Each structure stands twice: as C-alpha cells, then as structure tokens.
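As a plain string of letters, each chain reads:
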Amino acid sequence: MTVAAAPVWESPTLTSVGRLPTHSVRHDDRVALDGRWRFQLVRDPGAEPGDDWRDVDVPGCWTMQDVGDHPQYTNVQMPFPERPPQVPSDNPTGIYERTFELPEGWSDRRVVLHVGAAESVLIATLNGVEVGVSKDSHLAAEFDVSPFVRAATNTLRLRVVKWSDASFVEDQDQWWHGGITRPVFLYATGGVHIADVRAIGGLADDLRTGTLVVDARVGFAGPAPEAGWRFGLRLAGPDGSVVAEGSVEAEVVDAELATRVTPRDLALKDRIASGEPISADNEARWRDLLPRLAPPADGIATWRLEVADADRWTPDTPALYTLSVALRSPGGEVVEQTDVRIGFRRVEVRGLDLLVNGIRPYIRGVNRHDFDQHTGRVVTVEQMRGDLVLIKRFGFNAVRTSHYPNDPALLDLADELGLFVVDEADIESHAFYQALCDDVRYLPTWVERTARMAIRDKNHPSIILWSLGNESGYGANHDAAAAWLRRYDPSRPLHYEGAIRFDWASDQTASDITCPMYPPIAAIVDHARSGLQRHPLIMCEFSHAMGNSNGTLAEYWDAIESTPGLQGGFIWEFWDHGLVQRLADGTTRWAYGGDFGDEPNDGNFCLDGVVWPDRTPKPALWEHRQLASPVRAHATREDVQAGRIELENRGHFRDLSWLRARWEVTTDGSPAADGVVHLPAIGPGERGAAEMDGWHALPRDPTTCLTVRFETSEPSAWAPEGFEVAWLQWELSDVRRPLPDPVSGELSVDPDGLLVHPLLAAAPRLCLWRAPTDNDRIGGMAERWAEVGLDQPARRVVAVERDGLTTVVRSEHRVASDAVIRHEQRLSPIADGGIRVDERAEIPDELDDLARVGSVLEVVPGLERFEWFGTGPIETYPDRRRGGRLGRWASSVDEQYVPYVRPQENGGHAGVEWIALRDESGRGLRIRLDGPRQVSATHFRARDLAAAAHDVELRPRAETVVHLDAAHRGLGTASCGPDTLPEYVVRPGTYAWSYTIEPLVGS
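### Notes on the packing of helix α1 (residues 263–273) against helix α2 (residues 280–293)
The packing of two helices is summarised by the inter-axis angle and the distance between the axes. Closest axis-to-axis distance for the α1/α2 pair is 10 Å, and the angle between their directions is 105°. When the interaxial angle is binned, α1 and α2 end up roughly perpendicular. Along its contact with α1, which presents R264, D265, L266, L268, K269, R271 and I272, the element α2 presents N282, R285, W286, L289, R292 and L293.

This is the structure:
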C-alpha cells in the first residue's frame, strides 16, 4: 500500500530539511546577495514559473512590491478558514531567482547559504538541486551548499510559500505578508571552523566579580574529528585594555573508547549509581571511565575566568567587553577568528522581585514589532537604531520583541545603547488558542523555535528574560520548551503570559514572572496585597496606545511605585502599523485593515502605537517620558519659596552626575528669572538637597511658576549633550484672577436665544459629545452615545429674559432616549466691549456617562494665531496630562490638529485658563475661563472627525471650532484593556462654568 505524504507546507512535524544548526557566530568572509532578484508569483507551491519574470527587492515583502498579492491585517482570526494543519489550495508562492559567481579561493572551502527570514516556508534550490527546507518566519535558515556550488556561474532559486502549517503559530497581531524579509548572503569557512561560541557574562555573589564560562565549539566538516585544534581567547575591557588571555584545546572523543569498556567497568558504574561508597582508587578509575561511558560532544573547549571589580552592564551603564576567539589548527595556524561582545550582569528572581545585579529596577517597557511604513516588515540597522534611540529618549528602559525574535542587529544595538530585552519566541496560535499547545504534532515547532532563539541570542547581556511566545494558551508544548530553556540557560528567568493568565498565583513551570495583559489597576494592586502573590508582577502588555489613548498611565505608575510586588510593564505598542498606500489620484494615505480589499480584516486595530508610522512621537510619549523621569522632587510650595528643593534619584544604577539642571520662573507665562541648579551626586534611590544659584523669593502672583529642567551633561550613544530628559514644576500660588463683573453695555441674541457677535461664526452652544476615540468605539461608549443621540440633541428655547445687565437664555435639550438636559446661559456685557458667559447644565440620572459637558463655538475665519495659558505644548486630557507643562504657549490653529490615522477627538489641552485667537495684525479675541478647563481649538467639527475613515479625507474649515469644557471624559484604554477610572467619567449632576469673550484690537 502506498501512503501519500503530506506536502511540507502541511506537515507540522517537519520543521526543516537540511538546515544547519543555529549558532551565534558571525562569519565575515561573505558575499551579499541582497538587491534585485528575478521574481514570479505563482498560485500554489507546486506550480512552476513561466516566462513572465519581473524584478523585486530582496530583502522585501512581495506584498509591498505590486506583484498582485497584497498585505492583509487580522488580529486573532486567521486570514483563511482552513483548520490546522491544512491551508488554502490557492497559496501564493514567490519564486526568487538570481545568479552569482563563486569568489576566487572559495572552491575548496565550506560554503553556506544564509537566508535571514522568509515567510513562511523556504525551499532552497541551487543549480537545480534542492538543498533544504525551513519553516520559521523570523529566524535565519542556513544550508551547506558546498556540494552543489560551482566555480563558474551559479543559479540560486528560493521558493517561498506564504501559507503553511507554521502560519497557525505565527498568528501575531500584525499584517500578513509574504517574502524574504532579512538579508541573504553566502559565507565561507574552512572545513574545520568555529561552529559556535557560548559566552554569557555573570556576576559572583559579591555582585562585583565578573564570571565568564566560554564554551567554544569546533565544527568538523570531514568524516571524523581531528585532535589538536585549539582556541586562543582574549577578553578586552570597555576601554580596549586586555583583561585576560588563554588557550584551550578542543576535546575530541576517541571513537574506540566505547570498545574498551569491560564488565568490571560496568559493575563499577552500577555501584556508583546505587550510591555505594567507593575507594580512592576506584574514584580515580571512574574519572577515566566516565568519558568512555558518556563521551562529551566533539570539538568543545571550555574557558573559565573571573574578572575582579568588573564594569557591570546595566541600561544606564551598558559596559561591553570584547571576547576575541581564534581557532588554531594543530600546527598553530589561525584559521578563523570572531569577536563576541559580552556584558557582566546577573539576573534572578528573589521572592517577588526581579533583580538585576542585585537591584530591583522598574521595568519601563514598550512592545515593538519589526515594521516599516514603506516595506512592511523589512527594516535596516539604521532604522532599528532610530527606534531604540527614540525609545531611550522617552524614558523606556526595556523592549519586548513582540512576538518573535528580531534581527540580531537589534540586540547588538540594545546591548550598546542600554535596554533590557524580553526575547520572545516566534509562537502565537491566537486563533487556535488552546488547541495547538497540547498538539504533539506541533511539539517540535514549540521546542525548536524556542531553542533556536536562545542558541542564537544567548550572549547578549541586554536579554534578561526568555519568552515562550504570546497568546498561545498553555499546554505540554510550553512545558517542554520551558524545560529545554531552563536546562540550556539557567542564567535567565522565563516569561510567558499564557501560563499565568487564569491564575496569577498558580504553581509555575513555564513562567517566573506574573506577566498579565491589560489588567485594571485595582486588580494588580489587590493581587499584590492579597498575600497570594508568588512572582514579580510585570505586565507584558498594558496601556493600549490605539488612537488618542493611554489614559490613566500615570495612575498605573502611581500604583506600581507605591505597591511592593509590582515592578512595571510594557506599553502596547511602539508602532502605528499604517502602510503607505498610493491612491488612484496619486495621493497617498496610511492604510489599515481592509484598505487593500483584504478580507477578513480587523480594521484599524493595527494603529495602536505611541509613534505614527513615520516614527513621529504621539502626545502619549511625552506623558511616559515625564512619568519615567530619573529625578523626583520632595518640596512644598513653601520650601520652593525659600529656595529649598530636595531631589530624589529615581534611577537604579548611577548617580545624577550624568545630568545638569536650570531653573526658570515665569509670570503669566513670561520669563522673570532663571539660574543654574547645582545637583549633588545623589546615588540611586537616594535624596539630597539641590542649590539654586541666584534664587530669591518671589511674589505669589497668580500665574507665577517655577520650572526646573534636567538635561544630559555630556553626549551619549542615544542623546547629544544638552538633551532634555525631564522637568519639575511648581505653581507658586493657588490664587486665581476672577472674571470681571457685568457692566452696562450692549449685546445681541437672535430669535433662538443665541449670542450674536462679530467675531463669532457660530454662537456658544451646549455640547455633550465628542468625535469618538478608538477607545470610545471599541469600548462601546460611542454606540451608547449614538443610541442616546448625544451628537444631535433637539434644542428648545424655554425663555429669553433680562435680569438687570444680563440676558438669561433657558433651554431644554432632548435626546433620543427622551432624557432632557436643562441648560441656562447668562450673557452679560463687561468692560472694553467684552461679554461674560455663565452657563449651567443639569444632566439627568439617565445619562450616566457623557463624553463632555461644555460649550462649543466657532470663530470667524482668519484668526489663525493661537495662544493659550495652560498645559502644553502637547495635547493633554484629564487622565493623560502629566506630560504637559503649565505655561504660555504660541502655535497656530492648524498645528493644533493631532493627525490620528483614523480621525477622532484630538487637540485638547487640560488646565487651560485663557486662549487667544488673532490674525497677523494681532486683531482677534481672547477667551478667559473661570478656572483651569479642558479646551481645544481646531478647524474641525466633531462630526467632521467622526465621519472620516482616514486623516487624508479631512478638509479643514475656515472657521475655528472652540470647545470649552466644564467636564471632559478621560481617554482610558478600552480598545484593549480597562476604561478610564471612575473619577474621569462624566456623571449626571449639575455643571456650571463661566468665561469671557474679549476683543483684541491688535497693533
């Protein structure tokens, strides 16, 4: 009987054919094969190419190169209906082909083909001979092509199959692509070569002595290993000075050893195994016997050393040593040499703390995908450096490689720049969450992907946790992968959210960290206080950054920093995954799910980063930077008035000598005095008094503020000298200027009781609605508001009356639920031709959760210069306002628009006391408020924003739309995670607010 074999793309037990073992050695004798390749896209993996070739870029996603197959975005659901391990018969397959010439001198050498990453099955053919198969879209595949390469012209064909059994464990929340996404090259070695080097730096118990065990392995291409090969090793310090040198011989097992084992030898083995005491003679005999019974792997040489008072690697002080490894032949000739950068640090879990070098650092992390707005998933070293520099500049100290191993260059950069890394295996079976983790057919996939990641990345000091993947349930396959990791690298704890998802206090074999996703603040605090906590709690994902979001980030960090057992987390995520898409009219937009006709799709859920697709920071990043400030102050207003400021070093690994500071006092936003702050050498976690040069007590003017800015005192790999990293600010008075009282004068209202004013294009009206944010839409608030009809309440004027100098307009606003909001507007003339407006709104109990309560008005065109006193210069909201500094800010109305890819509420400023809108001559108006309020001024009505699917669809109005809010709902993160906190929800009740509209004559 003949049994038909399943194709390789539907065979989960087959993870590779002919693929070489993973290693961490860089072989420098190489030939790059990147560039333009001949390409055809065929319908299925078995199809042969025709004559219709075209050129594409390698590395490159073919889905981004206009070949007829487009990107597709799904989150949890698979892009096709088949169940594992079957995939669609229509299975796009890219055939890449190019020729190359073998370099001179390579004919007698070992030649290896390296393909950095291919999605999702790679079948490599050289000169018509199939040389290997590989699955795993985010780790390299290498094949020994020495038997197939020619001294003349060679033809290399790479067949890349888009869908496979592996796709079910690569169901990450990102775009689906096809192609070759990392570099392709050939490298050459001798038949005997450096196969791998394992060099993981550690610290002894004194936390100062560096420890290093180097296992260097010789690769023998011949039929039998040869004795006499040695490794010369040299360790150089961060300054280049030689710290230690040595030479060790690689072990080679005598093939005949096993034949020289006698029955007497076996009897001794049994006695020892049973625990029976043996004589000194037998102990010596056992040492000789053991290598025969259990021969070690061939070609391994081990070098152990200690470095007294080692420079320790930390994110703040990323000290790197260079280990040079030279392979010498039995005759003493150096046949190959490689360098490995190592760092001395110690990572361990003790009780409820994750310790690095014995210190408990807060983990201020961000999740990062490989992403580029133009290429999809192909990123250069320069782009990766740009990502990590920006991450460092905004106060993060950790990156999670969601959800696969990144290009090894990113880890080199993390080592150099100083970032903790959670290195994550390429495993996510989200659509089949609990099915595949216990499926024995996928056991090789789980273990091999985890193992290959660790083997490749083991030497990087930046990696502090190994992660078993993401959102793949929890099963036997995870335990197998965890067991392999614990045996291979006990120097790092393990991380896996699925293992703790439903029981944070459970017994653990797969995770040393309690690493939940999107938990409410109350949940993590309650767990830490419950007495049941068993592991450090570090959220693997929290504060979902979709659209105008990251509300309550400050409250998360307040809880973390005040609750033992809570140690931080990773914001989701770094990027908005908007792909540049050219439209029929020649313009472009950032596309999201569905924009390529991709079905099924999950819409704009891929737009959930703290940077836009071009890496421009969103306002939420400034919030994080301020929360991550390395300096905190402990000083009352009275202390500041007396010139006393006590500072706390919130860093973990260095004193404050890397910073310098200046102070500035402003009155009504204008500079009044400044000077230097002398920072004492305050150690990590310590406090000390700072001296302010030239300080003298100042009047407690209502708008007097002291700001202290901290900047770098010298250049570093991630910031120039003088780069601002944080600020502190104090208002020196609680006194507020009252609004002016009414005076005799004229004002006009129309028959509907609406104010008529020459500078207003639309009179102030009651406003209860905002253009829904992504959190509002996905969290269900927008649907409730639409059902109630908050966006278009029916207004009925009840009365227009005179009350002395004041015109009183009473109205009722009925919504679709028949709830009625009673509204009163009192309009009064004030001095210099201004108008005072006092408003009052009664929100009935039926309307329990509004977007806002306040006024909206429109200012006539031409008043483009915008100035305000309040938080700025960035956008701020009630539950995301700590990144904004109190001051006087100048901008334009155009610049107030914050271009979220899917338009939504934006451009707000919390704590605003007044705004001014002027034309170029200075003519215009000023609006003063009765206290700090939420205010915005843009060229868009809320309905304009809500109707647009992409930012490029918006057309600014000539008028300026101004919102003056008595209350504004917090942002929260309900698109994926908790809503805002109760104190930021707009509840029923009576709201009152007042403001003035004052003409500005100009110069």
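### Describing the layout of surface pockets
Here the largest pocket is characterised by a volume of approximately 1,300 Å³. As for the largest pocket, its lining consists of 46 residues, and the residues nearest its centre are R26, R30, P408, A409 and D412. Of all elements in the fold, only β2 (30–32), β16 (184–189), β23 (334–342), α3 (381–393), α4 (408–417) and α5 (443–457) reach the threshold of two or more residues within the lining of the largest pocket. Broken down by element, the lining of the largest pocket gets its largest block of residues, 5 residues, from β23. Its residues assigned to classes, the lining of the largest pocket shows 18 nonpolar, 13 polar and 15 charged.

### Observations regarding the sheet that holds strand β20 (residues 242–249)
Within a beta sheet, neighbouring strands are joined by backbone hydrogen bonds and run either parallel or antiparallel to one another. Ordered in space as β20-β19-β22-β23, the 4 strands form an open sheet in which the pairing is antiparallel. At either end of the open sheet lies a strand with only one pairing partner, and these are β20 and β23. Strand-to-strand twist across the sheet, computed as the mean angle between neighbouring axes with direction ignored, equals 15°. The sheet contact formed by strand β19 (residues 230–236) and strand β22 (residues 321–328) spans 7 bridges and is antiparallel. Bridged to F231 within β22 is L327.

### Re the nonpolar core
Ranked by size, the top nonpolar core spans 143 residues in total, and within it L388, L647, W663, L706, V708 and F710 carry the most contacts. Those residues within four positions of F710 in sequence are excluded, and the remaining contacts are V631, L647, L659, R660, A661, L679, F723, E724, V725, A726, W727 and L728. Counting residues in hydrophobic clusters, the runner-up holds 58 residues, among them A841, I843, L857 and F940.

### A look at α3
End to end, α3 covers 18 Å across 13 residues, agreeing with the expected 18 Å (1.5 Å per residue, within 8%). Among all positions in α3, only M384, G386, D387, L388, V389, L390, I391 and K392 are buried. Looking at the buried side of α3, the elements it contacts are β26 (363–367), β27 (398–400) and α4.

### Structural notes on the pairing of strand β53 (residues 924–938)
When you tally the buried positions in β53, you get 12 out of 15 residues, the bulk of the element. Across 7 bridges, strand β52 (residues 909–918) lies against β53 in antiparallel orientation. Paired with L917 across the two strands is L925, which belongs to β53. Where β52 folds back on β53, the antiparallel hairpin that results is connected by 5 residues, among which G922 adopts a positive phi of roughly 95°.

### A short note on the packing of α3 against α4
Between α3 and α4, the least distance of the axes is 10 Å, while the angle of their chain directions is 40°. Viewed along their axes, α3 and α4 form a crossing whose handedness is right-handed. Between α3, through V381, M384, R385, L388, V389 and K392, and α4, the contact on the second element is made entirely by A409, L410, L413, A414, E416 and L417. The class makeup of the residues in the contact of α3 with α4 is 9 nonpolar, no polar and 3 charged.

### Focus: unusual backbone geometry
Residue P84 is joined to P85 through a cis peptide bond whose omega torsion reads 0°. Note the cis peptide between E119 and S120, where omega equals 0°. Within the chain, D136 stands out as a residue other than glycine whose phi angle is a positive 120°. Non-glycine residue S543 carries a positive phi angle of around 55°. Within the element layout of this structure, S543 appears in the loop between β31 (537–542) and α9 (553–562). A relative accessible area of 2% places S543 in the buried class.

### Points about the side chain of T338
Following the sequence through the fold, T338 ends up in strand β23. Only 3.4 Å separates the side chain of T338 from the backbone oxygen of R26, close enough to count as a polar contact. Contacts of T338, omitting those with residues within four sequence positions, involve V25, R26, I194, V197, L323, S324 and V325.

### Comments concerning the state of the cysteines
All told, the structure shown has 0 disulfides when counted by the stated rule. Between C437, a cysteine without a disulfide, and C515, which holds the nearest cysteine sulfur, the sulfur-to-sulfur distance is 15 Å. By relative accessible area, which is 0% here, C437 ends up buried.

About the cut-offs
- Residues numbered from 1 in each chain as written.
- Predicted model: local features only at pLDDT ≥ 70, side-chain atom pairs only at ≥ 80, totals over all residues.
- Heavy atoms only, no water.
- Axes fitted to C-alpha atoms, helices over the stretch in contact; angles between N-to-C directions.
- Helix = DSSP H or I, 4+ residues; strand = E, 2+ residues; numbered from the N terminus.
- Parallel < 35°, antiparallel > 145°, perpendicular 65-115°, else oblique.
- Contact = heavy atoms within 4.5 Å.
- 1 Å grid on protein atoms, 1.4 Å probe; cavity = no way out; pocket = protein on both sides within 12 Å on 5 of 7 lines; lining within 4 Å.
- Points joined across faces, edges and corners; volume = space filled by probe spheres on them.
- Nonpolar A, V, L, I, M, F, W, Y, C, P; charged D, E, K, R; others polar.
- Pairing = 2+ DSSP bridges.
- Core = buried A, V, L, I, M, F, W, Y, C linked by side-chain atoms within 4.5 Å.
- Buried < 20%, exposed > 50% of the residue type's maximum accessible area, 1.4 Å probe, protein only.
- Expected span 1.5 Å × (residues − 1).
- Left-handed = near helix turned anticlockwise from the far one by under 90°.
- Polar contact = N/O pair within 3.5 Å; in protein donor to acceptor, adjacent residues only side chain to side chain.
- Disulfide = S-S within 2.5 Å.

All we've got here are geometric facts, nothing functional implied.
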